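Overview (structure and organization)
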Amino acid sequence: MKRLLVTGGAGFIGSNFVQMVLSEHPDCLVVNLDKLTYAGNLENLTEFMRHENHVFVQGDICDGPLVARLLDEHRIDAVVNFAAESHVDRSITGPKIFIDTNVGGTLTLLEAARDKKVERFVQVSTDEVYGSLGSEGMFTERTPLSPNSPYSASKASADHFVQAFGHTWGLPYNITRCSNNYGPYQFPEKLIPLMIHNALHDKELPVYGDGLYVRDWLYVYDHCTAIWAVLQKAPVGEVYNVGGCNEKPNLEVIRLILQHVGKPETLIRYVKDRPGHDRRYAIDAGKIMRDLGWKPSVTFEEGIAKTIDWYLANAQWLSHVVSGDYQNYYRTMYANR
Ligand code: NAD
Ligand code: TYD
């Protein structure tokens, strides 16, 4: 049996990963450590909370004794670290927590994994560590790290610590760097669920700058299968880019959403740009495709249709998520744009 410590498993990608592992790999134990910040939500895991191979622990990845105890108690052989502060806009208004969680928390996990001699440490990173592209080219695993936002600077720093632990103490690690994910259970602070939610409620859709910023969209389930492939097959110390080959300007994505939910383009509102906004991300995922045989299962058109249908079918999930604190967040973040 594979015995995994998954951190951040109540967040967007982490909960999709936990669901995939428990549904498709019955010989796997998942110990899910999540602090349940604003982004963590047990409603993402409703059907899995009582699953016999799932142990949920509310706690902080910065808590060294807790992490060490979980590794011992459950005889963990691999750690998959999703836990993070993940939103660029929040990192601009308050960067400190990004250092505490993304750097300090990763360091705590690394120390425990080294001391307890876990067999593999998988760090879930982002293409944003590479910085921004012009109109040409793609990020490869050899692209130098050149992060621009406090979020990406904290993720790049964590990547360096992971590699330093491999180099200094022989910690067996892998790093995955993926492009923008979309799909079920994404918190509506990120582009796609925010636009779906606003469109459904006839609220304005706030487009930063000229709306021609490009992101390379990856359906979340395909990200999960990539991480699984890394856990199963990757040689120690390898870094893998993960991407869906779906580069789209933001406006194109927003128009598609409006079309799909039958709302008019007059809802689009151009607002003040994000400071330091990265112009374009594009991933060359050739290495993971060639070496591990991974490939995405859906096109963007299929993935976005499934995603919108999921939000339509899960109106209650969405209404719970946007009650309370979300309203304050939205007012503050979008007030002066
Ligand atoms: P998310 O914000 O939806 O979820 C983060 C989860 O981590 C939440 O459940 C939260 O409660 C938990 N968490 C936060 N601080 C914690 C702490 N100190 N201790 C324990 N748990 C804590 O994020 P996501 O979008 O699911 O992203 C998951 C990972 O993937 C992150 O590391 C992120 O950098 C990376 N990533 C995300 C994307 C994307 O498009 N969403 C793209 C590339 C990489
Ligand atoms: P986001 O989902 O925040 O992901 P990231 O910044 O990590 O790529 O944003 C995706 C793109 O959408 C990015 O170019 C910023 C833009 N955007 C808007 O135009 N309006 C919004 O309200 C949000 C949240 C993002």
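Predicted model, so just to flag it, every value in this text is computed and none were measured. (Residues numbered from 1 in each chain as written. Chains lettered and ligands numbered in written order. Predicted model: local features only at pLDDT ≥ 70, side-chain atom pairs only at ≥ 80, totals over all residues. Heavy atoms only, no water.)

Quick look at the domain arrangement of the protein chain now. Each assigned domain of the protein chain is listed here: domain 1 (2-181 + 218-242) and domain 2 (184-215 + 246-277 + 298-322). The C-alpha centroid of domain 2 is placed 25 Å from the C-alpha centroid of domain 1. In this complex, domain 1 contributes 20 residues to the contact, which on the side of domain 2 involves 18 residues. Carbon and sulfur atoms make up 49% of the surface buried where domain 1 meets domain 2, a total of about 1800 Å² over both sides. The largest per-residue losses of area from domain 1 upon contact with domain 2 belong to Phe12, Glu43 and Tyr219, which jointly make up 30% of the total buried on that side. For the pair domain 1 and domain 2, the interface holds two salt bridges. Across the pair aspartate 89 and arginine 274 runs a salt bridge whose closest N-O atoms are separated by 2.7 Å. The interface formed by domain 1 and domain 2 holds 12 residue pairs in polar contact (both at pLDDT 80 or more) in total. Broken down by secondary-structure element, the contributors of at least two residues to the side of domain 1 that touches domain 2 are α1 (12-24), α3 (88-93) and α7 (220-233). Taken together, the residues of the side of domain 1 that touches domain 2 break down into seven nonpolar, nine polar and four charged. (Domains from an automatic or database assignment. Contact = heavy atoms within 4.5 Å. Buried area = accessible area lost by both parts, 1.4 Å probe. Salt bridge = Lys/Arg side-chain N within 4 Å of Asp/Glu carboxyl O. Polar contact = N/O pair within 3.5 Å; in protein donor to acceptor, adjacent residues only side chain to side chain. Helix = DSSP H or I, 4+ residues; strand = E, 2+ residues; numbered from the N terminus. Nonpolar A, V, L, I, M, F, W, Y, C, P; charged D, E, K, R; others polar.)

This part is about the environment of valine 57. By the element assignment, valine 57 lies in strand β3 (residues 54-58). Exposure remark for valine 57: the relative accessible area of 15% places this residue in the buried category. Along the sequence, valine 57 and asparagine 32 sit 25 residues apart, while their C-alpha atoms lie 6.0 Å from each other. Here valine 57 is in contact with Val31, Asn32, Leu33, Asp34, Leu66 and Leu70, once residues within four sequence places are set aside. (Buried < 20%, exposed > 50% of the residue type's maximum accessible area, 1.4 Å probe, protein only.)

Turning next to the sheet that holds strand β11 (residues 239-242). Taking strand neighbours across the sheet as the criterion, the seven strands line up as β3-β2-β1-β4-β5-β6-β11 in an open arrangement whose pairing is parallel. Sheet topology places β3 and β11 at the edges, where each strand pairs with a single neighbour. Looking at each pair of strands side by side, their axes are set apart by 20° on average, direction ignored. Here four bridges tie strand β6 (residues 173-178) to β11, and the two strands are oriented parallel to one another. Within β11, the residue paired with arginine 177 across the bridge is asparagine 241. Running over the sheet, helix α4 (residues 96-115) touches β1 (2-7), β4 (78-81) and β5 (120-126) and is turned about 165° from β5. (Pairing = 2+ DSSP bridges. Axes fitted to C-alpha atoms, helices over the stretch in contact; angles between N-to-C directions.)

Moving on, we come to the nonpolar core. In summary, soluble globular proteins display a tendency toward joint burial of nonpolar side chains. In terms of nonpolar packing, the biggest core is built from 74 residues, with Leu4, Phe17, Ile192 and Ile288 touching the most fellow members. The greatest single-element share of this core, amounting to eight residues, is contributed by α7. Composition of this core by domain shows at least three residues from each of domain 1 (2-181 + 218-242) and domain 2 (184-215 + 246-277 + 298-322). For leucine 4, the contacting residues outside a window of four places in its chain are Phe17, Val21, Cys28, Leu29, Val30, Val31, Ile76, Ala78, Trp228 and Leu231. Membership of the second largest hydrophobic core comes to 25 residues, among which are Val31, Leu66, Leu70 and Ile175. (Core = buried A, V, L, I, M, F, W, Y, C linked by side-chain atoms within 4.5 Å.)

Turning to the site of ligand 2, a few remarks are in order. In the neighbourhood of ligand 2, 19 residues make up the surrounding shell, with Glu128, Arg215, Arg274, His277 and Tyr334 lying closest. With respect to ligand 2, the side chain of asparagine 180 contributes an N or O atom lying 2.9 Å from an oxygen atom. Bound to the protein, ligand 2 loses 98% of the 510 Å² it would expose on its own. The residue makeup of the shell around ligand 2, split by class, is 10 nonpolar, four polar and five charged. Here the shell around ligand 2 spans two domains, and each of domain 1 (2-181 + 218-242) and domain 2 (184-215 + 246-277 + 298-322) adds at least three residues to it. (Near = heavy atom within 4 Å. Areas by Shrake-Rupley, 256 points an atom, 1.4 Å probe, with all protein chains shown as cover.)

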